[in-house]
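# A look at the structure
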Amino acid sequence: MLDQNSVNKAQYRAITHGAGAMLVLAGPGSGKTFVVTQRIKYLIEQHHVKPEDILVITFTKAAAEEMQERFAKLSAGKCNPVYFGTFHSVFFQILRHTYRFTAQNIIRENDKYRLLSQIIRELPDEILGQAQLDYSTETLQNLLSEISTVKNNGVTPQEVRSATVPQAVFERIFQMYKQEMNRNKLIDFDDMLVYCYELLRERPDILGAWQRKYRYILVDEFQDINQLQYDVVRMLAAPEDNLFIVGDDDQSIYRFRGAKPQIMLNFEKDYPKAKRVVLDANFRSTAEIVKGAGKVIGHNKERFPKEIYAAKGAGFEILTHEFPGQEEENACIVDKIKAYAAKG
């Protein structure tokens, strides 16, 4: 049973939310992981949700493992088969069941570079024209990033303007890359999203089976989600829409990877009945830091309005310095560390 005295009002509202969609705005130091794990425990113990019906998605393997470990401690040794995973691990699980994919079907990073170099060498002269292509790591990285952008946004290569090679060359490279991957029965991490989306859209029977399997879905770091990931999550959550999303619109830093913070900003338009809660206490920083950070973040034009307070004391005043260069800045930081260390 959740002790109401051990949480603040915002945390309590988030943890004890029942069925339906909820948007949780959780800034740094707000006890986000605590809220997610306590909510899972609450669903199982108070709402009698089967642990195997709960899916928890986050962006990195390390974050998924940390959350799983935190929840295991809460469970006091009970075997609760809640599934914690990244988007890619969840989508690959779906593909594995349908297409019998194994780890051998996932192309390795160095093999992607090798394949792309081979494709560039084989480009016909009529496509290359006057273009001079190199095989540098930077060029290959940029091309792979542009190929990834096409896949993650669910668009055609014609809709993504290449900054690396002439457009006609990029479109042919994309086509050849896809053909070679298919011929060798290989997929990359972006393909996992594309194939999963296409599978669930085209096979209502398979979609229905996964919807029945995962009736409650919790997504962490939601501000970093891209359109394809969101579309798949929405399909999986329907028709019950027990979708509990946690994130901070002020911390979206992965636009270059296709992340769209607007998805989070528009979540309540997609789910008009969704509840919203702001975890407005910062347990990590002092009031001076929270106030200073709030002034800076307040300049963001697209954001949810929120007032964050510090659970700790006022703390030291924020000091600002300007330096003519990095060496002087580094020297000042070293002197400060030495001074603080001398004071214990």
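Residues numbered from 1 in each chain as written. Predicted model: local features only at pLDDT ≥ 70, side-chain atom pairs only at ≥ 80, totals over all residues. Heavy atoms only, no water.

## A closer look at the sheet that holds strand β2 (residues 54–58)
Spatial ordering of the open sheet is given by β3-β2-β4-β5-β1-β6, a layout of six strands whose pairing is parallel. The open sheet terminates on both sides in strands that have one partner only, identified here as β3 (83–86) and β6 (275–279). For this sheet the average axis-to-axis angle between neighbouring strands, irrespective of direction, equals 15 degrees. Pairing analysis gives four bridges linking β2 to β3, with the strands arranged parallel. Across the sheet, residue isoleucine 57 finds its bridge partner in β3, namely glycine 85. Its contacts with the sheet place helix α3 (residues 61–74) against β2 and β3, and it is angled at close to 165 degrees to β3. (Pairing = 2+ DSSP bridges. Helix = DSSP H or I, 4+ residues; strand = E, 2+ residues; numbered from the N terminus. Axes fitted to C-alpha atoms, helices over the stretch in contact; angles between N-to-C directions. Contact = heavy atoms within 4.5 Å.)

## Some details on helix α4 (residues 87–99)
The end-to-end C-alpha distance of α4, which contains 13 residues, comes to 18 Å, matching closely the 18 Å that a straight helix rising 1.5 Å per residue would cover. Contact partners of the buried residues in α4: β2, β3, α9 (189–202), α10 (204–213), β4 (216–219) and α11 (227–237). Backbone geometry just after α4 places arginine 100 at a positive phi near 60 degrees. (Expected span 1.5 Å × (residues − 1).)

## Digging into the layout of surface pockets
Considered as a void within the structure, the second largest pocket measures approximately 440 Å³ in volume. Val290, Ala293, Gly294, Ile297 and Ile308 are the residues nearest the centre of the second largest pocket, which is lined by 22 residues in total. Listing elements by their share of the lining of the second largest pocket, those giving two or more residues are β7 (281–282) and α14 (287–297). In terms of residues, the lining of the second largest pocket owes the most to one element, α14, which gives five residues. (1 Å grid on protein atoms, 1.4 Å probe; cavity = no way out; pocket = protein on both sides within 12 Å on 5 of 7 lines; lining within 4 Å. Points joined across faces, edges and corners; volume = space filled by probe spheres on them.)

## A short note on α10
Among all positions in α10, only Ile206, Leu207, Gly208, Trp210 and Gln211 are buried. Tucked inside the fold, the buried residues of α10 contact α4, α9 and α11. (Buried < 20%, exposed > 50% of the residue type's maximum accessible area, 1.4 Å probe, protein only.)

## Some thoughts on the pairing of β2
When you tally the buried positions in β2, you get five out of five residues, the bulk of the element. Neither face of β2 is exposed, since Ile54, Val56 and Thr58 on one face and Leu55 and Ile57 on the opposite face are all buried. The pairing of β2 with β4 spans four bridges and is parallel. Bridging from a neighbouring strand, valine 56 pairs with leucine 218 of β4.

## Focus: the packing of aromatic side chains
All told, the structure shown has nine aromatic pairs when counted by the stated rule. With a centroid separation of 5.0 Å and an interplanar angle of 65 degrees, the aromatic rings of phenylalanine 59 and phenylalanine 87 are classed as edge-to-face. Here phenylalanine 59 is found in the loop between β2 and α3, whereas its partner phenylalanine 87 is found in helix α4, with 28 residues between them in sequence. Look at tyrosine 99 and phenylalanine 101: their rings are 5.6 Å apart centre to centre, the planes differ by 55 degrees, and that puts the pair in the tilted class. Judged by relative accessible area, which is 14%, phenylalanine 101 ranks as buried. (Phe/Tyr/Trp six-rings, centres within 6.5 Å; stacked < 30°, edge-to-face > 60°.)

## Remarks on the pairing of strand β5 (residues 243–247)
Burial analysis of β5 places five of its five residues in the buried class, the great majority of the element. Burial along β5 is two-sided: the face carrying Leu243, Ile245 and Gly247 and the face carrying Phe244 and Val246 are both buried. Pairing of strand β1 (residues 22–26) with β5 involves four bridges; the strand directions are parallel. Within β5, the position partnered with leucine 25 by the bridge is glycine 247.

## Things to note about the environment of threonine 156
By secondary structure assignment, the location of threonine 156 is in the loop between α7 (137–152) and α8 (167–183). The spacing of threonine 156 and glutamate 171 is 15 residues in sequence and 8.9 Å in space, taken between C-alpha atoms.

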